[in-house]
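A structural walkthrough
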Amino acid sequence: MTEYRIAFIDDGGRNLTTYEWNGSTWSLIGGQLLLNTLYTFELCMVGNEEIAMVNESDFMLTCYSFKTGSWVQKGQPNLVDVAAGITFKTMASIRPNRISFLGYDSSIADYPLRVYDFNNIYFSRVGNQLLVPTGVIHDSTGLDINTIAFVDDSSGELRKYFFDGTVFAQVGSPLTISGMTNPVITALSSTRIALFDEGNDKLQAYDWNGTIFAAVGAPLTISGCSDACIDAISGSKIAFIDNSHQELRVYSFSGSAWSLVGTPLSISSTLPKFTAFFKPLPLKCYNEQPLDGNAIWPISDY
């Protein structure tokens, strides 16, 4: 099974595309899927060869599969249950066939954090929503079973939340990062995340110590980058899109420092988004029998 693949899309070309990393370079693989109604969007993995995507033009949440080597829709799209527009949205994969979703719901003038399960046909709400503190939640990532981390762009806070199957609850204390702007995060393990902060031009790893996130190792300065996207492709490597320089890169964290790996791929994109899939996950496995910190979802679960 290939470890390093990403599903990529941008709201300019609107093609759902797959790139594969061979350890030194990226290459385009498989067929593309043109999404004609795409406007702005968010996506995350829902299975090792499947992704979930929400489309802001029609508020539809849809699953797409790459199991045939080309992207095809799986099941039925369904309406995200808000009465009005969604903005500032973020999605995270928190176990096979379960995602978290947060967006500004103008019908209640608040930011509900919700969970959806996919039954291989459609998505449905699970449990109760949590109205998070007022602010712009810029990005989120799954940590382990039903646990997510996310960053609030307005307060500069990095927080952790746990979903018990019915309700969300904040865990520990938030970490405030001074001067943070347009942050993006991804989980490297159940206790370690990578965060790129456009305001400070820094790629930094953070560890959860049981109470709060704390910086670990030295940050890497990446200057002049805007509208970045990141996602883990292993327990030590992340895929990184620098939209200002139109490049797809890989960075590796040794535990003490970040470094660029291999050759970046030049891409042409407008507000790109991507998610890694078909890889060892930085999550605990679904049956909660940890393997090595980078457990793969069991075959029976997808």
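Quick summary incoming for the structure in this document. (Residues numbered from 1 in each chain as written. Predicted model: local features only at pLDDT ≥ 70, side-chain atom pairs only at ≥ 80, totals over all residues. Heavy atoms only, no water.)

Turning to the overall build of the protein chain, a few remarks are in order. Across its full length, the protein chain carries zero helices and 25 strands. Scored against the burial criterion, the 302 residues of the protein chain give a buried share of 53%. When contacts within the protein chain are restricted to residue pairs at least 6 apart in sequence, long-range pairs at least 24 apart make up 46% of them. Accessible area of the protein chain: about 11,300 Å², with a carbon and sulfur share of 49%. (Helix = DSSP H or I, 4+ residues; strand = E, 2+ residues; numbered from the N terminus. Buried < 20%, exposed > 50% of the residue type's maximum accessible area, 1.4 Å probe, protein only. Contact = heavy atoms within 4.5 Å. Areas by Shrake-Rupley, 256 points an atom, 1.4 Å probe, with all protein chains shown as cover.)

Per the stated rule, a full pass over the model turns up 10 salt bridges. A salt bridge links Arg5 to Glu20, with the nearest nitrogen and oxygen atoms 2.6 Å apart. Residue Arg5 is located in strand E1 (residues 5-10), and its partner Glu20 is located in strand E2 (residues 15-21); the two are separated by 15 residues in the primary sequence. Arg5 sits in the buried class, given a relative accessible area of 15%. Measuring nitrogen to oxygen at the nearest pair gives 2.7 Å for the salt bridge that ties Asp117 to Arg98. Taken together, the residues Asp117 in strand E10 (residues 112-118) and Arg98 in strand E9 (residues 98-105) connect sequence positions 19 residues apart. (Salt bridge = Lys/Arg side-chain N within 4 Å of Asp/Glu carboxyl O.)

Attention now goes to the sheet that holds strand E18 (residues 192-197). Strand order across the open sheet formed by four strands is E17-E18-E19-E20, with antiparallel pairing between neighbours. This sheet does not close on itself; its edge strands, each paired only once, are strand E17 (184-187) and strand E20 (213-221). Mean inter-strand twist for the sheet, computed between neighbouring axes without regard to direction, equals 20°. Two strands pair when backbone bridges link them, and E17 and E18 are joined in this way by four bridges, in the antiparallel orientation. Considered in E18, the bridge of Val184 is made with Phe196. (Pairing = 2+ DSSP bridges. Axes fitted to C-alpha atoms, helices over the stretch in contact; angles between N-to-C directions.)

Before going further, it helps to examine unusual backbone geometry. Of note in the backbone geometry, Asn97 takes a positive phi value of approximately 65° without being a glycine. The residue Asn97 is located in the loop between strand E8 (86-95) and E9 in this model. Unlike most non-glycine residues, Gln246 shows phi in positive territory, near 55°. Along the chain, Gln246 falls in the loop between strand E22 (237-242) and strand E23 (247-253).

Of all the eight residues making up E9, seven are buried; the element is thus mostly covered by neighbouring parts of the structure. For E9 and E10, the ladder comprises five bridges, and the chain directions are antiparallel. When the sheet's bridge partners are listed, Leu102 is paired in E10 with Leu113. Linking two consecutive strands that pair antiparallel, namely E9 and E10, is a turn of six residues; a positive phi of about 50° is found at Ala109 within it.

Counting residues in hydrophobic clusters, the biggest one holds 17 residues, and the most contacted among them are Phe196, Leu203, Ile222, Ile238, Phe240, Tyr251 and Trp258. Contributions of two or more residues to this core are made by E18, strand E19 (202-208), strand E21 (229-232), E22 and E23. What Ile238 contacts, discounting residues up to four positions off in sequence, is Thr186, Leu188, Ala194, Leu203, Ile230, Asp231, Ala232, Ile233, Arg249, Val250, Tyr251 and Trp258. Core analysis: the second largest hydrophobic core is formed by 16 residues, Tyr4, Phe8, Val250 and Ile267 among them. (Core = buried A, V, L, I, M, F, W, Y, C linked by side-chain atoms within 4.5 Å.)

Attention shifts here to the packing of aromatic side chains. Inspection of the entire model under this criterion finds 13 aromatic pairs. Pairing Phe101 with Tyr116 gives two aromatic rings, centres 6.3 Å apart and planes at 90°, and the pair type is edge-to-face. A residue pair is termed long-range when its members are at least 10 positions apart, and Phe101 in strand E9 and Tyr116 in strand E10 qualify at 15 residues. The residues Phe101 and Tyr116 share a single accessibility class, namely buried. Residues Phe163 and Phe168 carry aromatic rings whose centres are separated by 4.9 Å and whose planes lie at 45° to one another, so their mutual orientation is tilted. Accessibility assignment for this pair places Phe163 and Phe168 in one class, buried. Three or more aromatic residues joined by ring pairs make a cluster, and in this case those are Phe66, Trp71 and Phe277. (Phe/Tyr/Trp six-rings, centres within 6.5 Å; stacked < 30°, edge-to-face > 60°.)

In short, geometric facts, not functional conclusions.
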